[in-house]
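Architecture at a glance
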Amino acid sequence: MVASGKGLLAIDESIGTCDKRFAQWGIAQNPETRRQYRQLIAETPRLGESISGVILFDETIRQRTDNGTPFAKVFSGLGIIPGIKVDTGAKPMAGFPGETITEGLDGLRERLAEYARMGARFAKWRAVLSISDGLPTQGCIEANAHALARYAALCQEAGIVPVVEPEVLMAGAHTLETCGEVTERVLRAVFRELHSQRAMLEGMILKPNMILPGSAGPIQENLARVADATMECLLRAVPAAVPGVAFLSGGQPGELASARLNAMNVRFKHRLPWALAFSYGRAIQEPALRIWHGDPRNTVAAQEALQHRARCDRAARLGIYDAALESSHSSREEPALALA
Ligand code: 13P
C-alpha cells in the first residue's frame with residue numbers, strides 16, 4: 001500500500017457526498033452516473049504506476065463495469081489493491097454540541113467478512129474533529145479514538161489492513177500552531193487506544209491531516225513551515241512500528257497537496273521511520289470531475305487530468321515534484337474539453 005512512488009486514491013465518497021460534488025458540475029445524480037464516473041477512473045491508463053490501492057464505497061464494490069466485471073476485480077487486475085470504507089458516517093455526538101462521533105461498529109465483523117469475500121484487502125474509517133472555541137473536547141477525542149481502535153482490531157481479525165483516519169478539519173480561522181497542538185493530542189489518544197485494543201501497529205496505515213492554518217485564516221504558510229510542523233507533530237506522536245503514513249488532502253488544491261507532500265519527503269526523507277505517502281480524494285479527482293461533466297466526449301481529457309495529478313503525487317512521494325510539471329500538463333488539458 002505504501003510501495004515506493006505510490007499512494008492510495010480515495011474514491012469512497014458516500015452517495016450523498018458524491019451527489020453533492022456531481023451537482024456542483026451539473027452532473028446527473030444517480031447510481032448509473034456514479035458507476036460511469038468510477039469506471040472512468042478504473043479505466044484511466046497507467047493509473048497503477050502511481051496508485052497502489054483504491055478506496056471504494058459500498059455501492060461501488062457491488063457494481064460492475066460495462067463488461068460485467070466487479071470493480072474490486074477490475075482494480076486487482078490492474079495491480080491496484082481494492083479497499084473499502086466501512087464507517088457509516090460522522091453523526092452528532094450526544095451531549096457534545098458541535099462535535100461528531102463516527103459510527104459503524106455494530107455488525108462490522110460480519111460486514112468485513114462480506115467485503116473480504118468481495119475482494120477488499122484493506123479498509124478505511126474516518127473520525128472527524130473540528131477546531132473552534134473549546135473544541136475539540138477530550139470526550140470527543142477519546143470516543144472517536146476508541147471507535148477507531150475497535151475498528152482496527154476487527155479489521156485485523158478479518159485479515160484486512162485498517163487505514164486509521166483521524167481527520168482534524170481545516171475549517172476555521174485557527175493558526176498552524178493550534179492545528180499542530182490539536183493533531184498531536186488526537187494522535188496520542190488514537191495510539192493509546194490502539195494499544196489498549198491490541199491492534200498491531202505493524203499492520204495498519206495512518207491517514208492523518210497535514211498541519212495547516214485554518215482555511216478561513218489570513219496566513220498562507222510556506223511549504224517548508226508546513227512540512228516542518230507536520231513532521232514535528234508526527235515524529236512525536238506516531239510510533240516507528242507503523243509502516244506508512246498516507247495523508248488526506250482535506251480540501252487543499254491538488255497542486256498544494258503535491259507540493260507539501262514533496263517538501264516533507266525532501267526535507268525529512270532520511271529521518272523518517274515510516275513511508276510518507278498520500279491517500280487523496282479531492283486533490284486527485286477534482287480536475288477530472290470538472291472536465292468530465294458527465295459527458296462521454298470528455299472521458300479521455302478527464303482521464304488525462306486524473307493521471308496527471310496521480311503522477312504529480314508519485315513525484316511528491318519520491319521528493320522529485322516540481323511546479324514545472326503542472327504547466328507542462330495544463331496547456332494540453334483545455335482544448336480537448338467538450339462542454340455539453
Ligand atoms: P480528501 O483527500 O478529499 O480529504 O479525501 C480523503 C478521504 O478519504 C477522506 O476520508
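As shown above, the structure is provided for reference.
The paragraphs below set out a description of the structure included in this document. (Residues numbered from 1 in each chain as written. Predicted model: local features only at pLDDT ≥ 70, side-chain atom pairs only at ≥ 80, totals over all residues. Heavy atoms only, no water.)

Points about the site of the ligand
Near the ligand there are 13 residues, and of these K124, K207, S249, G250 and R282 occur at the shortest range. At 2.4 Å from an oxygen atom of the ligand is found a side-chain nitrogen or oxygen belonging to S249. G281 has a polar backbone atom sitting 2.7 Å from an oxygen atom of the ligand. Considering the ligand on its own, with 300 Å² of exposed area, one finds that the protein chains cover 92% of that surface. Using a 2 Å cut-off from the grid points, one finds that the ligand occupies the largest pocket. (Near = heavy atom within 4 Å. Polar contact = N/O pair within 3.5 Å; in protein donor to acceptor, adjacent residues only side chain to side chain. Areas by Shrake-Rupley, 256 points an atom, 1.4 Å probe, with all protein chains shown as cover. 1 Å grid on protein atoms, 1.4 Å probe; cavity = no way out; pocket = protein on both sides within 12 Å on 5 of 7 lines; lining within 4 Å. Sits in = over half its atoms within 2 Å of the grid points.)

Overview of the nonpolar core
Y151 and F247 are the most contacted members of the largest nonpolar core, which totals 108 residues. With 10 residues, helix α6 (residues 138-157) is the largest single contributor of residues to this core. (Core = buried A, V, L, I, M, F, W, Y, C linked by side-chain atoms within 4.5 Å. Buried < 20%, exposed > 50% of the residue type's maximum accessible area, 1.4 Å probe, protein only. Helix = DSSP H or I, 4+ residues; strand = E, 2+ residues; numbered from the N terminus.)

A closer look at unusual backbone geometry
Following L135, the chain continues into P136 via a peptide bond in cis, with omega recorded as 5°. Of note in this structure, R198 is not a glycine but carries a positive phi near 60°. Mapped onto the fold, R198 is located in the loop between α7 (176-196) and β8 (205-206). Note on R198: relative accessible area 75%, which makes it exposed. Positioned with a positive phi, H293 is a non-glycine residue whose angle comes to about 60°. Note that H293 resides in the loop between α10 (282-292) and α11 (299-318). Its relative accessible area of 27% is what places H293 among the partly exposed residues.

Structural notes on the layout of surface pockets
In this model, the largest pocket occupies a volume close to 750 Å³. Forming the walls of the largest pocket are 33 residues, and the residues nearest its centre are T17, R21, R126, E167 and R282. Secondary structure elements with two or more residues in the lining of the largest pocket: α1 (15-24), β4 (89-92), β6 (122-129), β7 (161-168), β10 (275-280) and α10. Along the lines of polarity and charge, the residues of the lining of the largest pocket split into nine nonpolar, 11 polar and 13 charged. (Points joined across faces, edges and corners; volume = space filled by probe spheres on them. Nonpolar A, V, L, I, M, F, W, Y, C, P; charged D, E, K, R; others polar.)

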